[in-house]
Amino acid sequence: MFPYMTMSAQRWLWACLTMFGVISSVSAQVRVADSLQLLLKKSTDPKEQVDLMNDISYRLYDFNDSLALDYAKHAYELALGINYTRGLKSAYNKLGIGYFAKGDFREALRQYQNSLSIKVDLSEEDDAYSLQMIGKLKYELAEYDSALFFYKRALALPGVSSDAKRTSTLYRNMAQVLLMQWKNEEAFELLKKAEALLTESSPDDAYLFAELWTLLGIYYETKLDFKNSEIFYNKMCALANK
């Protein structure tokens, strides 16, 4: 959480975020992961198997980090064995998520850098994800200038600016860093842009709106505007009850 939030606000917000995370994502991701696992059992194409294992791994991270990491390792091993570079690039990112979740930031960074080192056509999505996650890793290490550097690198990739949802996420992440640096007005401008882009691209993505509204609540709390901060915290918590 943020050190300048009151303890009562932190407890209230944590309860809402926990409830939201449990309600909003797990059941849907379980169903999708189960469907993908059935497809994997039927597949005889090694490249398709790598792609499916990468996809399963990504979805499992919402509720079973250990199993997700196992799938990522299998995807990596198979992709390496058949020299499937696109699948290997994606597998490195999935491995990075797993080590990030375990708190092994050095190994997570190595995996994201491995992914970035592989150059294949039409790989912007993977590269943007690697850079975004390195930014998050740097944020967790309190290396805030480095975090902003990697977020900006992701934004500068050709095509990313036309991806409203990705751009919204990067703006939100940058705003989170700026709030920690007490650059509150810069953060607020990015949060407004992020909200507009998210409304345009993904109006039903409750999870991303919850994260965004949480930061807006924090912004208003730093200004001692508790009325508006409560409005955004309540909007976020209301999503958990839908």
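Heads up: the structure comes first, above all this text.
Below you will find a few notes about this structure. Residue indices follow the written sequence of each chain, beginning from 1 at its first position. Under the rules for a predicted model, residues below a pLDDT of 70 receive no local features and side-chain atom pairs below 80 are neither given nor counted, while totals for whole chains, interfaces and linings still include all residues. Only hydrogens and water are removed before side-chain values are computed, so all heavy atoms of the structure are retained for them.

Here we come to the packing of aromatic side chains. Only the six-membered ring of Trp is used, alongside the rings of Phe and Tyr, when aromatic pairs are assigned; centres must lie within 6.5 Å, and planes under 30 degrees apart are stacked while those over 60 apart are edge-to-face, with the rest tilted. Following the criterion strictly, the structure yields 10 aromatic pairs and no others. Between Y76 and Y92, the ring centres sit 5.7 Å apart and the planes meet at 50°, which makes this aromatic pair tilted. Here Y76, found in helix α3 (residues 65-81), pairs with Y92, found in helix α4 (residues 85-101); they are 16 residues apart in sequence, far enough to count as distant. A relative accessible area of 13% means that Y92 is categorised as buried. Aromatic pair F209 and W213: ring centres 5.2 Å apart, planes at 40°, arrangement tilted. Linking F209 with W213, this pair stays in helix α10 (residues 206-222), spanning four residues, or about one helical turn. Comparing F209 with W213 shows no difference in burial state: the two are buried. Members of the aromatic cluster, connected to one another through ring pairs, are F188, Y219, Y220 and F232. K193 extends its terminal NZ or CZ atom over the ring of Y171, reaching a point 5.9 Å from the ring centre. Counting as a charge over the ring demands two things of the Lys NZ or Arg CZ atom: a distance within 6 Å of the ring centre and an angle within 35 degrees of the ring normal. Here the guanidinium or amino end of K235 rests over the ring plane of W213, the centre of that ring lying 4.3 Å away. In this description a helix means any DSSP run of H or I spanning at least four residues, a strand means any run of E spanning at least two, and both kinds are numbered starting from the N terminus. The rule is simple: take the accessible area with a 1.4 Å probe, protein chains only, and divide by the maximum for that residue type; under 20% is buried, over 50% is exposed, in between is partly exposed.

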